[in-house]
Amino acid sequence: MRCPFCSADEKDKVIETRVSKDGREIRRRRECEACTRRFTTYERIEESMPMVIKGDGRREPFDRNKIVHGVHAACAKRKVSQDQIRTLAEEVEREVGELGVSEIASREIGERVLPKLKALDQVAYVRFASIYRDFRDLDGFAKELDALRGEDNNAERTDEHPAVAAGE
Ligand SMILES: [Zn+2]
């Protein structure tokens, strides 16, 4: 560690090490052995998951189980197994972790769930989309629904309206 005062390199001793409450930052109080002045370094743990910013602006630690629960609810009475749901959640967790960001909007996590859920079950996908897309993005939601209807026309016809799908 280069001393910020005398620029001596690799000559300091750690006096104190503290881990932040969320376990993601390590603070080290160091003393330069060349000039004996003290300085503090902060290390962020990059491989840990980002904090999730909720719709109301509050932050909470990333929790894969929330994805599992949300997807599970969307998959009620659908032929989607617990294993498939768990795998989906793990994939999203890995993607989010690999972004290397310190914060992510919960909505962005929902957006990552959508294409994976769409591949598993279209009804569950529409249900989940109706939960995660907020009202400011009704246009986007409508586009998704239109796209879904278009696909349905090419395959078998399923539910026309998400309310119908959700009330099943
Ligand atoms: Zn120094």
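Each remark here, short or long, concerns the structure printed above.
Just so we're clear, the structure is a prediction, and the values are computed from it rather than from any experiment. One numbering rule holds for all chains: residues counted from 1, following each sequence as written. Predicted model: local features are reported for residues with pLDDT of at least 70 only, side-chain atom pairs are reported and counted for 80 or more only, and whole-chain, interface and lining totals are derived from all residues. Only hydrogens and water are set aside; all other atoms, that is, all heavy atoms of the structure, feed into the side-chain values.

Caption draft 1: Up close: the side chain of Lys116. With respect to the helices, strands and loops of the structure, Lys116 is situated in helix 3 (residues 106–120). Setting aside its immediate chain neighbours within four residues, Lys116 contacts Leu88, Glu91, Val92 and Glu95. Strands are runs of DSSP state E lasting at least two residues, helices are runs of H or I lasting at least four, and both sets are numbered from the N terminus onward. Contacts are assigned to residue pairs that have any heavy atoms within 4.5 Å of one another.

Caption draft 2: Broad picture of the packing of helix 1 (residues 64–74) against helix 3. Where helix 1 contacts helix 3, the axes come no closer than 12 Å and their chain directions differ by 45 degrees. When the axes of helix 1 and helix 3 are compared, the pair comes out oblique. Every pair of crossing elements has a handedness; the one defined by helix 1 and helix 3 is right-handed. Where helix 1 abuts helix 3, its residues Ile67, Val71 and Ala74 lie against Ile109, Val113 and Leu117. Inter-axis angles, ranging from 0 to 180 degrees, are taken between N-to-C directions of lines fitted to C-alpha atoms, where helices are fitted over the stretch in contact. Oblique is the label for any angle not covered by the other classes, which are roughly parallel (under 35 degrees), roughly antiparallel (over 145) and roughly perpendicular (65 to 115). Put simply, a crossing is left-handed when the front helix is turned counterclockwise from the back one by less than a right angle, and right-handed when it is turned clockwise.

Caption draft 3: Focus on the nonpolar core. Definition used in this section: a nonpolar core is a set of buried Ala, Val, Leu, Ile, Met, Phe, Trp, Tyr and Cys residues joined via side-chain atoms within 4.5 Å. Using a 1.4 Å probe on the protein chains alone, a residue whose accessible area is under 20% of its type maximum counts as buried, one over 50% counts as exposed, and one in between counts as partly exposed. Grouped together as the largest cluster of nonpolar side chains are 24 residues, with contacts concentrated most on Ile67, Val71, Ile109, Val113 and Leu117. Where this core is concerned, the elements lending two or more residues are helix 1, helix 2 (82–98), helix 3 and helix 4 (122–132). Residues in contact with Leu117, not counting those within four places in the same chain, are Val71, Ala74, Cys75, Leu88, Ala124, Tyr125 and Phe128.

Caption draft 4: The arrangement of the environment of Glu91 in detail. Structurally, the position occupied by Glu91 is in helix 2. Taking the C-alpha atoms as reference points, Glu91 and Arg64, separated by 27 residues in sequence, lie 9.9 Å from one another.

Caption draft 5: Inspection of the sheet that holds strand 1 (residues 12–19) at higher detail. In this analysis, strands are considered paired if DSSP registers two or more bridges between them. Spatially, 1-2-3 is the arrangement adopted by the three strands of the open sheet, whose pairing is antiparallel. Edge strands, defined here as strands with exactly one partner in the open sheet, are strand 1 and strand 3 (38–44). Looking at each pair of strands side by side, their axes are set apart by 25 degrees on average, direction ignored. In terms of strand pairing, strand 2 (residues 25–32) meets strand 3 through seven bridges, oriented antiparallel. The residue bridging Ile26 from the neighbouring strand is Glu43, located in strand 3.

Caption draft 6: Here's a closer look at the pairing of strand 1. Alignment of strand 1 against strand 2, held across seven bridges, turns out to be antiparallel. Pairing of Asp12 across the sheet is with Cys32, part of strand 2. With antiparallel pairing between neighbouring strands as the criterion, strand 1 and strand 2 make up a hairpin whose turn holds five residues, including Gly23 at a positive phi of roughly 75 degrees.

Caption draft 7: Representation of the coordination of the zinc ion within the structure. Within the protein, Cys3 (SG), Cys6 (SG), Cys32 (SG) and Cys35 (SG) serve as the donor atoms for the zinc ion, at 2.3 to 2.4 Å. Coordinating donors are taken as N, O and S atoms within 2.8 Å of the metal, stretched to 3.2 Å for Na, K and Ca; because water is absent from the atoms, sites can appear incomplete. Irregular is the label for any site that misses the other tests, which are tetrahedral for four donors with all angles between 85 and 135 degrees, and square planar for four donors or octahedral for six when opposite donors exceed 155 degrees and the remaining angles lie between 65 and 115. Geometry at the zinc ion is tetrahedral, judged from the four donor atoms that bind it and their angles of 107 to 115 degrees at the metal. Between the donor residues of the zinc ion, the gaps in sequence give the motif C-x2-C-x25-C-x2-C. With Cys6 in the segment before strand 1 and Cys35 in the loop between strand 2 and strand 3, this pair connects stretches of sequence that are 29 residues apart. On the basis of relative accessible area, Cys6 is assigned to the partly exposed category, the value being 33%.

Caption draft 8: Just the pattern of salt bridges, in detail. Here a salt bridge means any side-chain nitrogen of Lys or Arg lying within 4 Å of a carboxyl oxygen belonging to Asp or Glu. For the coordinates displayed, the defined rule picks out 19 salt bridges. Here Arg38 makes a salt bridge to Glu31, at a shortest N to O gap of 3.0 Å. As a salt-bridge pair, Glu103 and Arg59 come within 2.5 Å of each other at their nearest N and O atoms. With Glu103 in strand 6 (residues 103–105) and Arg59 in strand 5 (residues 59–61), the pair connects residues that are 44 residues apart, well separated along the chain. Under the relative-accessibility criterion, Glu103 is labelled partly exposed at 36%. A single network of salt bridges, built from pairs that share partners, joins Asp12, Arg28, Arg30 and Glu43.

That's the geometry; what it means functionally is another story.
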